[in-house]
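# Report on the structure
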Amino acid sequence: MTDRTWKEDLRRLLPGPKTLAAWGVLAVAFVWFYWSSLGHLLSTWCTQEDYQHGFVVPIFCVFLLWYRRDMIMPFAGRWSWWGLPFLALWAAMRWAAVFFNFGSLPEMSMLPFFAGLALFVGGWQAIHWAWPSIVFLAFMLPLPGELQGLVSQQLQGVATRMSVYVIQTLGIPAVAQGHVIQLTEKPLDVARACSGLRMMTLFFALCIGAAFVVRKPLWEKLFIVVSAAPIAVAANVLRIVLTAVLFELARLWPSVVAPETAEHFMHDLAGFLMMPIGLLLLWAEMTLLAKLLISPSHERPLVVGELLAEQAPVVGIPRVHRKRRN
């Protein structure tokens, strides 16, 4: 990264009048093809809690483009024919969405559309610059209904079993019956809304976004991404366990904790606490990795004679003239 100001970078990124007019035509064509899909996305983000983060995804994608702007400057402007297969895939997905009435394909086709457009206009330089933003756009797309139901069901089962184990470890009687945790007096229902799908999606988005931004080795970035699933499950299990503890306290000391307080915590307050808890776990993981792993030094190690010369003032050995080898 150079010492240029952001205004200078922005001025260099802005295209000329003819190129800007061409991009305007492409933007109008995109809105024409995806008008109904964009309306469906906005409706999903507004009505479904699992996808309310969709409003932030395009903003972060623009940030990634700006963060990686040195890769596009200076712009060679060499387009590539490899953009045509991606555009052909986009056309096939659009046709299949209309012919088979597959509701998720129109939104999914945005990804090959942007990839093909980047390759066709800017070649490999453009796709090398823009591919993280194109990949991250997938987090604004809702999962197909069947896949969403399957993932939610599996997460419900995992959260229920792990929560029962922790609750029993704490000395509270608990038995799992399906997706219901039977406590001493009151059942605790791990509903689909409490499966942790929203936290799973959010933490995968956060971890992948962090992997795109942090300057770490590739394997460490992959480790951060893979850790999104256990972090999300751990945060959800902690939410269920705390609710069970409140239910037990309400049974033992009803004058101190009312059962309605536990119900309110389960459905409202705990949902807000899951994100800070997950972020804290992610921060602890990255801090632990930074403490355990030491970045290797790129300096050439000293040979034995140079080490003795370095220690000459200490041990009384006369300092000798030494010359580092290149």
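Since the structure is predicted, the reported quantities are computational estimates derived from the model, not experimental observations.

Our focus in this paragraph is the overall build of the chain. Along the chain, the regular secondary structure elements total 13 helices and three strands. Counting only residues that meet the buried cut, the chain has 37% of its 326 residues in that class. For the chain, the share of sequence-separated contacts (at least 6 apart) that also reach a separation of at least 24 residues comes to 70%.

A contiguous nonpolar patch, built from Trp-79, Trp-81, Leu-84 and Phe-120 and spanning about 440 Å² of accessible area, is present on the exposed surface. Its place among the elements puts Phe-120 in helix H6 (residues 110–136).

On to the sheet that holds strand E1 (residues 175–177). The three strands lie next to each other as E1-E2-E3, forming an open sheet whose pairing is antiparallel. Strands with a single pairing partner mark the edges of an open sheet, and in this sheet they are E1 and strand E3 (187–189). Across this sheet, the average inter-strand angle for adjacent strands is 25 degrees, counted without regard to direction. Sheet topology places E1 next to strand E2 (residues 180–182); three bridges connect them, and they run antiparallel. Considered in E2, the bridge of Ala-176 is made with Ile-181.

So, on to the confidence of the model for the chain. Low pLDDT marks stretches whose predicted atomic positions should not be read closely. Of all residues in the chain, 76% attain a pLDDT of 70 or more, and the chain-wide mean is 77. Here helix H12 (residues 304–310) stands out as the least confident element of the chain, with mean pLDDT 49; helix H3 (residues 57–67) is the most confident, with 90.

A separate point is the environment of Phe-247. Tracing the backbone shows Phe-247 in helix H10 (residues 228–252). By relative accessible area, which is 8% here, Phe-247 ends up buried. The spacing of Phe-247 and Lys-186 is 61 residues in sequence and 7.6 Å in space, taken between C-alpha atoms.

Within the secondary structure layout, Ser-80 lies in the loop between H3 and helix H4 (83–100). Assessed through its relative accessible area of 8%, Ser-80 is described here as buried. At 3.1 Å, the side chain of Ser-80 and the backbone nitrogen of Trp-82 are in polar contact. Once you skip the residues sitting within four places of it in the chain, Ser-80 turns out to touch Leu-119, Phe-120, Gly-123 and Trp-124.

We now examine the environment of Gln-52. Along the chain, Gln-52 falls in the loop between helix H2 (17–47) and H3. According to the relative accessible area criterion, Gln-52 is partly exposed, its value standing at 41%. In sequence terms Gln-52 and Met-140 are 88 residues apart; their C-alpha atoms lie 8.8 Å from each other. The residues touching Gln-52, leaving out its near neighbours within four places in the chain, are Trp-45 and Cys-46.

We now examine the nonpolar core. With 28 residues, the main nonpolar core has Ile-167, Ile-181, Leu-183, Leu-188, Met-199, Phe-203 and Ile-240 as its most contacted residues. Looking at this core, the element that brings in the most residues is H10, giving nine residues. Excluding anything up to four places from it in sequence, Ile-167 contacts Ile-172, Ala-174, Ile-181, Leu-183, Val-241 and Ala-244.

For the pair helix H9 (residues 218–226) and H10, the least separation of the axes is 4 Å and the interaxial angle reads 30 degrees. Viewed along their axes, H9 and H10 adopt a mutual orientation that is roughly parallel. Counting all contacts with H9, which are made through Ile-224, Val-225 and Val-226, the residues of H10 involved are Ala-228, Ala-229 and Pro-230. Partitioning the contact of H9 with H10 into residue classes produces six nonpolar, no polar and no charged.

Rules used in this analysis
- Residues numbered from 1 in each chain as written.
- Predicted model: local features only at pLDDT ≥ 70, side-chain atom pairs only at ≥ 80, totals over all residues.
- Heavy atoms only, no water.
- Helix = DSSP H or I, 4+ residues; strand = E, 2+ residues; numbered from the N terminus.
- Buried < 20%, exposed > 50% of the residue type's maximum accessible area, 1.4 Å probe, protein only.
- Contact = heavy atoms within 4.5 Å.
- Patch = residues over 30% accessible without salt bridge, like charges linked within 9 Å, V, L, I, M, F, W, Y side chains within 5 Å.
- Areas by Shrake-Rupley, 256 points an atom, 1.4 Å probe, with all protein chains shown as cover.
- Salt bridge = Lys/Arg side-chain N within 4 Å of Asp/Glu carboxyl O.
- Pairing = 2+ DSSP bridges.
- Axes fitted to C-alpha atoms, helices over the stretch in contact; angles between N-to-C directions.
- pLDDT = per-residue confidence, 0-100.
- Polar contact = N/O pair within 3.5 Å; in protein donor to acceptor, adjacent residues only side chain to side chain.
- Core = buried A, V, L, I, M, F, W, Y, C linked by side-chain atoms within 4.5 Å.
- Parallel < 35°, antiparallel > 145°, perpendicular 65-115°, else oblique.
- Nonpolar A, V, L, I, M, F, W, Y, C, P; charged D, E, K, R; others polar.

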